[in-house]
Amino acid sequence: MNRTTIRNGLSIAAGLGVLGLAAACGGGAATGSAPPANQGQGTASASTVAVQTINGGKVLVDSSGAALYTNDQDTSGNPKCVTSDCTSIWVPLTIAAGQKVSAGPGVGGTVATVAMTGGKDQVTLNGKPLYTFSLDGGPGQSHGNGFKDNFSGTSFSWHSAVPAGATAPAAPTSAPAGGIPGY
C-alpha cells in the first residue's frame, strides 16, 4: 500500500497557492454560497461531531460533513499542530469558547473541548484534538488518512477519526484532485 508523505509544510503551502490561483482564474473550482467544509464551526441545529460513510468506511465528520482527523503527536488535551503553517492545512475543529459540543448517534467516546487562544475551543474525542484537512475538497471526501508531514520540526502522522470500534478506511493511494508538489 502506498502511504502518502509530504516532505515539508512548504510543499503543501505552495500547492495550496497554486490551487488558489487556479480557482481565482476560473480553474473549475466549484462556487456557491455553502460554507467551506473546513470551517470547523459546530451549530445548534447539527451535531458538532457525527458519523458518515466515506471511502467505504465509517468516519467522524463535522457539522458540514467534512471528514475529521487526529494525529499521533497530539496528547490528550495538548494539540501540537498549532503553527499557522500546520493549521492552514489541518484546520482545528473549533467552537466558540463555552459553546457546548454534541455527538451524533454512534460516535462513541467522549466529545469535549480544549481551550485555544483567541476565544475558541478545539473539539476533542477522548482527549485527542480533531482537525479537518483543507485538501479534502468538501464534504464526503477523505484524502488525509495515512498522511505524514512535518511542521516546525514536528513530524505528524494523520489518521481518519473513526467511531468507537470502527476501523479507519484505507489510506488513499493518490493525491487529491489538482495535485500537490511533494505529495
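Residues numbered from 1 in each chain as written. Predicted model: local features only at pLDDT ≥ 70, side-chain atom pairs only at ≥ 80, totals over all residues. Heavy atoms only, no water.

Draft legend 1. Up close: the state of the cysteines. Applying the stated criterion across every chain yields a total of one disulfide. The residue that forms a disulfide with C81 is C86, at a sulfur-sulfur distance of 2.0 Å. Residues C81 and C86 are joined through a disulfide that is left-handed, its torsion about the S-S bond being -120 degrees. Like C86, C81 is buried. (Disulfide = S-S within 2.5 Å. Buried < 20%, exposed > 50% of the residue type's maximum accessible area, 1.4 Å probe, protein only.)

Draft legend 2. Highlighting the packing of aromatic side chains. Tallying each qualifying case throughout the model produces nine aromatic pairs. Three or more aromatic residues joined by ring pairs make a cluster, and in this case those are Y69, W90, Y131, F133, F147, F151, F156 and W158. (Phe/Tyr/Trp six-rings, centres within 6.5 Å; stacked < 30°, edge-to-face > 60°.)

Draft legend 3. Structural view of the confidence of the model for the protein. This prediction gives the protein a mean pLDDT of 75; 68% of its residues lie at or above 70. When pLDDT is averaged over each element of the protein, strand β9 (residues 131-133) comes out on top at 97 and helix α1 (residues 9-24) at the bottom at 37. Taken together, the stretch residues 1-45 has pLDDT below 50 and engages in 70 contacts with residues farther than four places along the chain or on a different chain. Per-residue pLDDT stays below 50 along residues 178-183; that stretch engages in 17 contacts with residues further than four places along the chain or on separate chains. (pLDDT = per-residue confidence, 0-100. Helix = DSSP H or I, 4+ residues; strand = E, 2+ residues; numbered from the N terminus. Contact = heavy atoms within 4.5 Å.)

Draft legend 4. Structural detail: the pairing of strand β1 (residues 50-54). Here β1 runs beside strand β2 (residues 57-61); their pairing, made up of five bridges, is antiparallel. Bridge pairing in β2 places T53 opposite K58. Where β1 folds back on β2, the antiparallel hairpin that results is connected by two residues, among which N55 adopts a positive phi of roughly 55 degrees. (Pairing = 2+ DSSP bridges.)

Draft legend 5. Summary view of the environment of T113. Relative to the elements of secondary structure, T113 occurs in strand β6 (residues 111-115). Under the relative-accessibility criterion, T113 is labelled partly exposed at 33%. Along the chain, T113 and T94 lie 19 residues apart, while their C-alpha atoms are 8.4 Å from each other. In this view, T113 contacts I95, V101, D121, Q122, V123 and T124; residues no more than four positions away in its chain are not counted.

Draft legend 6. Focus on unusual backbone geometry. At N55, a position not held by glycine, the phi torsion is positive, near 55 degrees. Among the structural elements, N55 can be located in the loop between β1 and β2. Within the chain, S152 stands out as a residue other than glycine whose phi angle is a positive 50 degrees. You can see S152 is positioned in the loop between β10 (148-151) and β11 (154-160). The exposure class assigned to S152 is exposed, which follows from its relative accessible area of 58%.

Draft legend 7. Summary view of the environment of V82. You can see V82 is positioned in the loop between β3 (69-71) and α2 (84-87). Take V82: its relative accessible area is 58%, and that puts it in the exposed class. Residues V82 and S152, spaced 70 residues apart in sequence, show a C-alpha to C-alpha distance of 9.8 Å.

Draft legend 8. Spatial organisation of the nonpolar core. Within the largest apolar cluster, 16 residues are counted, with the highest numbers of intra-cluster contacts made by C81, C86, W90, F133 and W158. By size, the runner-up hydrophobic cluster in this structure holds 11 residues, among which are L60, L93, V111 and V123. (Core = buried A, V, L, I, M, F, W, Y, C linked by side-chain atoms within 4.5 Å.)

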